[in-house]
Amino acid sequence: MSKATAEYITAKAVDLQAKSTAAYEIAISKNPDKIHAMLNVWLVPEFKPTFYDEQHRYPKGFSAASGLDDIELLDPSYSSAIAEPGGREGRYPVRMIDLETRNFIDYPSIGSQSQYCILSHSWKGNEVNYKYIGDAKFKAFNRVLAAARVGTITTDKAFASTTLPNDIDMIKYQCDLDIAEKEERIKSLANRDNVVSKLRLSNANNIVEELLSWRVDVQIVEKGHDGRGGLQRAKANVATALAARDYESMEGEVFKQFLGDIGLDDDKISKVINDDTGNQLEAEIRNAQKALAREKQKQLEESEKIQFFDRHSHIREAIDDLIGCLQRKKSMVKIDQAIERSKEIFDKNPFQRTEKQYLWIDSCCINRGDDGEYAKSISSMGEWYKNAEFCLVHLDTNRGVPRDSLEDWRVLNSIVPRPQPNITKYEDIATHSPEWSTRAWTLQELVMSKTTFYVNSAWELLSRAVEYLGPWYYLCPFVSLYVSMDTHNPYLSIFKNKDSAASLARALDTSGIQYHLRDPGSSHEAIIIAQKLITMLEILDLHIPRDIETDTARSRITQSAFVSVSSLTTPTQGPPNDSKRLLHNILEVLQPHLTNPRVIPSADRARHAINIILQALVNLIKQPVLDDRAYIAHFGNVPKLDLWQQGLIRSHFSTQKVMSLVCGRDATVLTDKAYCLMGMLGVRFPTFPAEGLTKALCRLLDEVVISSNDVSVFNWTGKQNGSPIKGRSLYPSSPEAFKFDHDEKRKKQKDQKLAELLQMERYEVMSDFLAVSGMLIDAIKFVKDRKKKNIPIHWVKAILAVIKREKFELFKPHITNIGKILKYIETAFDHNSDVQPKPTVSHSRSGSGVDYVISKAIIPSSPSLSSLSSHFKTPSLSKDMPSFKFNRKKPEPEATTPRAPSPSLSGRGLGSFKPSLKGFGRKETGTSQISTTPTEVGTPTAESEAPSLPSTPTTPSLTVSDVPKHVLDDQILNYIASIQPVDKNGDEEGRPIASEPELPADLAKVLAEIPERKFLKPPIKPEEIDTMISPNPIIIRNSGIEGLFDIQRVIVSMAQPDKLRRQIKNAVSPYQKITGWCIISTGFARVMVSFSSPKYTLEKELDVIEAVENKVLKAKGQGEGSGENANATAGTDGPTERNQRWASAVDTWHKATAAGAARFKGGSGGDNKTDDLDFEKIREEGAMVSRMLKFVQEPQITEVAGEWVLARFAGVPGAKWFLCYMELGGSGRDFYGHRIATDEIDFRNASPEMGLMKYWEYYMMEKKYRLCSILQKLMESRDWANFKEEMRQNLVDKVPVEEVKEAKLNSQKDKPGDDSNDSDDSDDDERFEEISEAIKELGDMAVTVGAGLAQQFYQWRAESMLKSLSAKILKRFPTHMQTAMESLDDNKDLMPSMFHSAKKIHMF
């Protein structure tokens, strides 16, 4: 080769090397994202959705506040009226009492010049009703007429002072006459029967009091002291307690059998079923029997009085009539006092001043003799409460107390003084638990009213500060909605001052306008200021409509403000009136706070001023009003109506919530428990009390479903609550079915205990996994961070080996300490540390290789990099790294002395690697001298055992390239190495016992300062849905209810099937109800419930259960294994296509579990200490689970007909599952259903299938193993990055061009004057050698580029594995089990998830 050719080749080689190095620096070193993007290019979607910001719809500075030009054209009252069930008709009562004249007025006119209130009270015996009022008025008229005929002056007290007496006075006088008449009759009967001598009375004048006292004593024996039943109630309580004990005993035996069937031993069963419940029931029986004994003793003590009234029944009847008259007299006092208190409230509070004010009382303002009026009144009563200005609540003593009659008579005759009031302060109402809050009708009266005022038994007002607000108590929430949109008011800065409201109120004082306020006390200054602001709004002529609602609040208040502003800005003659003078003063107060100096029109200024006053008023009273409503909800027994407590709605609540509120409340007429809810539910229908509660409730629920599609109607439970009405099996028979924690509370407690017991181990494993995965994820994060240069990777690798090897229970004692060690690595070795490693030597054994830290003083320097590959051992590539092979013949290894490493190696700390690239780049030309001659790099000073990683790449990667030996190195590695089971035989239950080595003193001191990692399981709360409106049509017919349902096939098994068979045989009718217990399994979870089913459906289901048990649970008649390969239909030569797919999936799963078993049993040379998982048992249990899942996942719903299934309304969050019998219609396409009444089917407390739990534990181990693999990939990526950096630095430091020039000058100096062939040959040899060295350097550079690619590959691989962590593992499981794995993994409830969605079913 000529000299020119050699120089040309050398120059081209150098140029190629420079360009390649530059390209490398750009592509990898300076922009590694390009390689990352190249590896992920196939993941980039071709289409990306575009999202628009909602704020772009409105211009900048847009205000949502309504201006004067935003007035609704449609009268807002119209939309409010038509929204009511009765429209504009029937909005007000047909009869009321005029507060001024004290007369009853038929069809009063209610409008802008009149208003009314209502009385809410508890009926106590005989109330003054409409018929009695008519009789009293007729008798008074006859007395006056009779007196006029004889020409005498009437002695009626009612006519003594006026020629036109009012109705109330006439009724009061008639009550006195009736009492006097009954007393005379009693005296007459007593004298006739010589009762005085028989009773041995000394004074005959006391005969009425004595007989009344005797009768009260007898009533106490009959009714009890509280009037709620004496002897009869005591007998009923004993019978109830005995029945509860017997039922608990039967259910306990069934539950024990159920627990034994799912594999629980006696100890665990005793934790679920203990003797506390039985002891409690026995105590209740003893208490009931003692109460019965006391009642019998009372009856014995009062036997003389009982016998007396048995002999003198006419005297008993006369005394009972007297008691009725006394009750009417007390009712008349109630009416009279209600009128007085109502007038007082209207006069002293800021209600609108009108010409007429009325009071409505349900006991005397409804003509019950007129069926039409009575039905209309009952159905419209909710609207009447809703439109009243306020409700006056009388918190009287308990009704039905026999001794009250005697006390009333004595007070009436001035024998004793009036009793003390039962409640003295408003704050004491809750402590007295008034009976008023337990009545059915009072629920609607409280909820539907705008505001309430309270009086005690003595008719004294129980005042509170917020009642002085009058109608603004009710308007406050709506005004808050209105002012919340006024965000661009120019005077808003006034609220930066704390006394802004007071400064506004002073404008009223400076205007010279006379006003009157009620003083709530010095402690309620905010209410005083609020009264001033309310007075200012009245002067400004702002009148907000009284029938305002949430939907119309903003528009109607805007309209009211428009009317007020119009009157304020209209020019008038003469001096300014009070309103304009006040507005002027208000604007003067607001002027300093004007944020925008621009000129504002007078109308806008007036509107802004009104809005500021409204905002100040809301700021003052909103929180006191909310606190007061919350207190009323507490003592009024109205929980869970959040929007009502906020004052936003008063009707159209969720049916389930309303029904649960009426549960436990008393009604004199049972049908009233349904009728009293019409207003709250927003429906109306004609009433018919004789129909009974079940029929009334059925018609109520029909109206609710028709008007609102509210499916919370169907969220009831209780085996005893099934409706007997044909076509309405979806409805309950009583509102008690909606009661929170109703009569099956003990059963629910058992379910909860069982769920806690079975889920305890799952939660422990989950907690341990969360702790381990949290540590691994944190480790992944800081290993990925390339800024952290000084990480002791060998610590992480040692920890990783233990985590990957051990089961969760073995690793549990060390989670805290290992977590602290990783936290210490994360915080102590940060990226800001540029300290160079101290020259030291250590190594750790990993597998069959040895990793070294190379000391700076040991490695000799060399100016040449030509033998670079002989000094560095590159990390091996993983088997999943694509290999790049070149067809080059491997040269023979040369036995030459290795070249010394480059000076750039010193201090870098490169470790030892196996000399293999597995086909990547050039092949090896020799054996590593460093690995074969360790004396060249120094002798290891310490050795720490690090367990090897199972199933990791065969070649270890760089372990300690980032950090020098730490002072805690030995302690940490020794601690990690000591984590191992100490007892392979395990504890009493066969579980291995984990060792708990003590931390060395120095390590413990360091770790004590590291905060402990907290891994808390997020609480699971049941989803609460306010409204459950179905988006699908629900058709109500006489024959049934038709809708779209989700159908979940289940496996049902009966407890005590033989007993049920006997009951079926003895049943006299196909529709006779038979009760029992059944176990419902979805393949994932199982629950046990009690049920009540007609005989004909139960008989069919027992036959189905027997067939399912043989085919699915026991797999009789099928081959070995899970039976998935059995023929689906008879007469076929082989399995169906669906069965073939199923068998293939299960086959794949069995292979996966076998592979997992091999890995966990010791896939790393037998060094793994993991306990042997009984995969054969798992496979056996899993086979049954697979058969169950195959059964419940039947794709053809026609195959499900004839079975008991779970159903719920489709597409409605919160709709509950219920059990029903589904059958195929006559056409073959229609489906009919009949609901089976059961206890609550609650899958939140369901017990997971035991075979499924085994799968899940395997699933958690797989996730842990995969996280360990991810961390391992990242550490290998870090090793390749370090190796790449070393190679890159050495290539940059070497300057081949200058070496060539220097060689050229030296050759020219040594060259003789003449050219000879020998010189040319020698020169050519030197050139060839230089070219060879350059080409070798290019090879080294190629290795460096390959290292960069390997680094990016491992990082990409780790990130890809992390993103698809759960998905990849789930693919190892059969498809039908993946949903359950995800639910268990996310700690969710095992709700049914394999259902047929939105199937049209006709429920009878």
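Residue positions within a chain follow its written sequence, with the count starting from 1. Reporting in this predicted model follows two pLDDT cut-offs: at least 70 for local features of residues, and 80 or more for side-chain atom pairs to be given and counted; totals over whole chains, interfaces and linings ignore these cut-offs and use all residues. Note that the side-chain values use all heavy atoms of the structure and ignore hydrogens as well as water.

### Description of the overall build of the chain
Consideration 1: The secondary structure listing takes helices from DSSP runs of H or I that are at least 4 residues long and strands from runs of E that are at least 2 residues long, numbered from the N terminus. Broken down by element type, the chain carries 44 helices and 22 strands.
Consideration 2: Type-normalised accessible area, obtained with a 1.4 Å probe on protein chains alone, sets the label of each residue: buried when under 20%, exposed when over 50%, and partly exposed for intermediate values. Out of the 1404 residues belonging to the chain, those deemed buried represent 51%.
Consideration 3: Where accessible areas are quoted, they stem from the Shrake-Rupley method and a 1.4 Å probe; at the residue level, only the protein chains shown are allowed to cover. As displayed, the chain offers around 66,800 Å² of accessible surface, 51% of which is attributable to carbon and sulfur atoms.

### What about the environment of Lys-386?
Consideration 1: Along the chain, Lys-386 falls in helix α13 (residues 371-387).
Consideration 2: Accessibility expressed as a relative area gives 8% for Lys-386, which makes it buried.
Consideration 3: Measuring from C-alpha to C-alpha, the distance between Lys-386 and Arg-650 comes to 7.8 Å, with 264 residues separating the pair along the chain.
Consideration 4: By the criterion applied in these results, polar contacts are pairs of N or O atoms within 3.5 Å in which, for protein atoms, one can donate a hydrogen and the other can accept it, and in which residues neighboring in sequence qualify only through two side-chain atoms. At a separation of 3.4 Å, a polar atom in the side chain of Lys-386 contacts the side chain of Glu-549.

### What about the nonpolar core?
Consideration 1: Counting residues in hydrophobic clusters, the biggest one holds 169 residues, and the most contacted among them are Tyr-454, Leu-469, Trp-472, Leu-533, Ile-586, Leu-677 and Leu-700.
Consideration 2: Considering each element in turn, this core owes the most residues, 15 residues, to helix α22 (residues 602-635).
Consideration 3: Contact criterion: two residues are considered in contact whenever any of their non-hydrogen atoms come within 4.5 Å of each other. If we ignore the near neighbours within four places in the chain, the residues touching Leu-677 are Leu-443, Gln-444, Val-658, Met-659, Val-662 and Leu-700.
Consideration 4: Within the second largest apolar cluster, 64 residues are counted, among which are Leu-973, Leu-1007, Met-1253 and Ala-1380. Here, nonpolar core means buried Ala, Val, Leu, Ile, Met, Phe, Trp, Tyr and Cys residues that are tied together by side-chain atoms lying within 4.5 Å of each other.

### As for the packing of aromatic side chains
Where two aromatic rings form a pair, the distance of their centres and the angle of their planes describe that pair.
Consideration 1: Pairing of aromatic rings covers Phe, Tyr and Trp, the last counted by its six-membered ring, and requires centre-to-centre distances within 6.5 Å; plane angles under 30 degrees mean stacked, over 60 mean edge-to-face, and any other angle means tilted. One pass over the structure, following the stated rule, counts 27 aromatic pairs.
Consideration 2: Seen in terms of ring centroids, Phe-714 and Phe-1209 are 4.6 Å apart; in terms of plane orientation they differ by 20°. Their pairing is stacked. Of the two residues, Phe-714 sits in the loop between α27 (693-708) and α28 (745-784) while Phe-1209 sits in strand β17 (residues 1203-1209), which places them 495 residues apart along the sequence.
Consideration 3: In textbook terms, an aromatic cluster arises when at least three aromatic residues are bridged by ring pairs, as seen for Tyr-426, Trp-436, Tyr-454, Tyr-631 and Phe-635.

### As for the state of the cysteines
Between two cysteines, a covalent bond joining their sulfur atoms is known as a disulfide.
Consideration 1: Cysteine sulfur atoms are paired as a disulfide whenever they fall within 2.5 Å. With the rule as written, the count across this model stands at zero disulfides.
Consideration 2: With no disulfide partner, Cys-364 has as its closest neighbouring cysteine sulfur the one in Cys-365, 4.1 Å distant.

### Observations regarding the pairing of strand β16 (residues 1085-1094)
Consideration 1: Most of β16 is tucked away: ten of the ten residues are buried.
Consideration 2: In this sheet, β16 lies alongside strand β15 (residues 1073-1081) in antiparallel orientation, the contact comprising nine bridges. Within β16, the position partnered with Thr-1075 by the bridge is Ser-1092.
Consideration 3: Paired strands, in this sense, are two strands between which DSSP finds at least two bridges. In this antiparallel pair of consecutive strands, β15 and β16, the connection spans three residues, and Gly-1083 shows a positive phi of 90°.
Consideration 4: In terms of strand pairing, β16 meets strand β21 (residues 1247-1248) through two bridges, oriented antiparallel.

### Focus: the pattern of salt bridges
Consideration 1: Here a salt bridge means any side-chain nitrogen of Lys or Arg lying within 4 Å of a carboxyl oxygen belonging to Asp or Glu. Scanning all chains against the criterion turns up 46 salt bridges.
Consideration 2: Of the charged contacts in the structure, one is a salt bridge between Glu-302 and Lys-305, with a shortest N-O distance of 3.4 Å.
Consideration 3: Note on Lys-305: relative accessible area 17%, which makes it buried.
Consideration 4: Two residues, Lys-1216 and Glu-1240, come together in a salt bridge whose shortest N-O distance is 3.6 Å. Of the two residues, Lys-1216 is situated in the loop between β17 and β18 (1218-1224) and Glu-1240 in the loop between β20 (1237-1238) and β21; the sequence distance between them amounts to 24 residues.
Consideration 5: For Lys-1216, a relative accessible area of 33% translates into the label partly exposed.

### Thoughts on the side chain of Lys-1095
Consideration 1: Mapped onto the secondary structure, Lys-1095 falls in helix α37 (residues 1095-1113).
Consideration 2: The exposure class assigned to Lys-1095 is buried, which follows from its relative accessible area of 19%.
Consideration 3: Non-local contacts of Lys-1095, meaning those with residues more than four positions away in its chain, are made with Ile-1064, Ala-1067, Ser-1069, Pro-1070, Gln-1072 and Ile-1074.

### Points about the packing of helix α31 (residues 815-828) against helix α34 (residues 969-977)
Consideration 1: Working convention: axes come from line fits to C-alpha atoms, limited for helices to the stretch in contact. Angles between N-to-C directions cover 0 to 180 degrees. α34 packs onto α31 with a crossing angle of 145° between their chain directions and a minimal axis gap of 12 Å. Relative to α34, α31 is oriented so that their crossing is left-handed. Where α31 abuts α34, its residues Asn-817, Ile-818 and Ile-821 lie against Ile-972, Tyr-975 and Ile-976.
Consideration 2: Residues belonging to the contact of α31 with α34 are distributed by class as follows: five nonpolar, one polar and no charged. Note on convention: near helix rotated counterclockwise from far helix by under a right angle means a left-handed crossing. Clockwise means right-handed. Classification used: nonpolar for Ala, Val, Leu, Ile, Met, Phe, Trp, Tyr, Cys and Pro, charged for Asp, Glu, Lys and Arg, polar for all others including Gly.

### What about the sheet that holds strand β3 (residues 114-120)?
Consideration 1: Spatially, the six strands line up as an open sheet ordered β2-β1-β4-β3-β5-β6, and their pairing is mixed. Single-partner strands in this sheet number two, and they are β2 (104-106) and β6 (452-455). This sheet shows a mean twist of 35° between the axes of neighbouring strands, independent of strand direction.
Consideration 2: As defined by bridge partners, strand β1 (residues 95-98) adjoins β2 across three bridges and the pair is classed as antiparallel. Looking at β2, one finds that Arg-95 is bridged to Asp-106.
Consideration 3: Across the sheet, α13 lies against β1, β3 and β4 (356-360), angled at about 105° from β3, the strand it touches most.

### A closer look at unusual backbone geometry
Consideration 1: Unusually for a residue other than glycine, Ser-414 sits at a positive phi of about 60°.
Consideration 2: Taking the relative accessible area as the measure of exposure, Ser-414 reaches 63% and is therefore exposed.

### Some thoughts on the packing of helix α7 (residues 207-223) against helix α12 (residues 313-348)
Consideration 1: At their nearest, the axes of α7 and α12 sit 10 Å apart, and the two run at 90° to each other. By the angle between their directions, the pair α7 and α12 is classed as roughly perpendicular. Along the contact surface, α7 presents Val-208, Leu-211, Leu-212, Arg-215 and Gln-219, while α12 presents Ile-315, Arg-316, Ile-319, Asp-320, Leu-322, Ile-323 and Leu-326.
Consideration 2: The class makeup of the residues in the contact of α7 with α12 is eight nonpolar, one polar and three charged. Oblique is the label for every angle not falling under 35 degrees (roughly parallel), over 145 degrees (roughly antiparallel), or within 65 to 115 degrees (roughly perpendicular).

### Re helix α18 (residues 500-510)
Consideration 1: Within the span of α18, buried status applies to Ser-500, Ala-501, Ser-503, Leu-504, Ala-505, Ala-507 and Leu-508.
Consideration 2: The positive-phi residue at the C-terminal boundary of α18 is Gly-512, with phi of around 75°.

### Examining the pairing of β4
Consideration 1: Taken across its five residues, β4 has four buried, putting it largely inside the fold.
Consideration 2: As defined by bridge partners, β1 adjoins β4 across two bridges and the pair is classed as antiparallel. Bridge assignment links Asp-98 to a residue of β4, and that residue is Tyr-358.
Consideration 3: With five bridges connecting them, β3 and β4 associate as parallel partners. Opposite Tyr-116, over in β4, you have Tyr-358 as the bridge partner.

### Concerning the environment of His-516
Consideration 1: Take His-516: it is sitting in the loop between α18 and α19 (525-539).
Consideration 2: With a relative accessible area of 70%, His-516 lands in the exposed category.

### So, the side chain of Asp-702
Consideration 1: Relative to the helices and strands, Asp-702 is located in helix α27.
Consideration 2: What makes Asp-702 buried here is its relative accessible area of 13%.
Consideration 3: Beyond its immediate stretch of four places on either side in the chain, Asp-702 contacts Arg-728, Tyr-731 and Ile-1036.

### Structural notes on the confidence of the model for the chain
Consideration 1: Taken as a whole, the chain shows an average pLDDT of 75; of its residues, 66% reach a score of 70 or greater.
Consideration 2: Per-residue confidence from the prediction method is given by pLDDT, with values spanning 0 to 100. Counting contacts from residues 76-82, a segment whose pLDDT is below 50, to residues more than four positions away or on other chains yields 13 contacts.
Consideration 3: Across residues 1119-1139, where pLDDT falls below 50, the model places 29 contacts with residues more than four positions away in sequence or in other chains.

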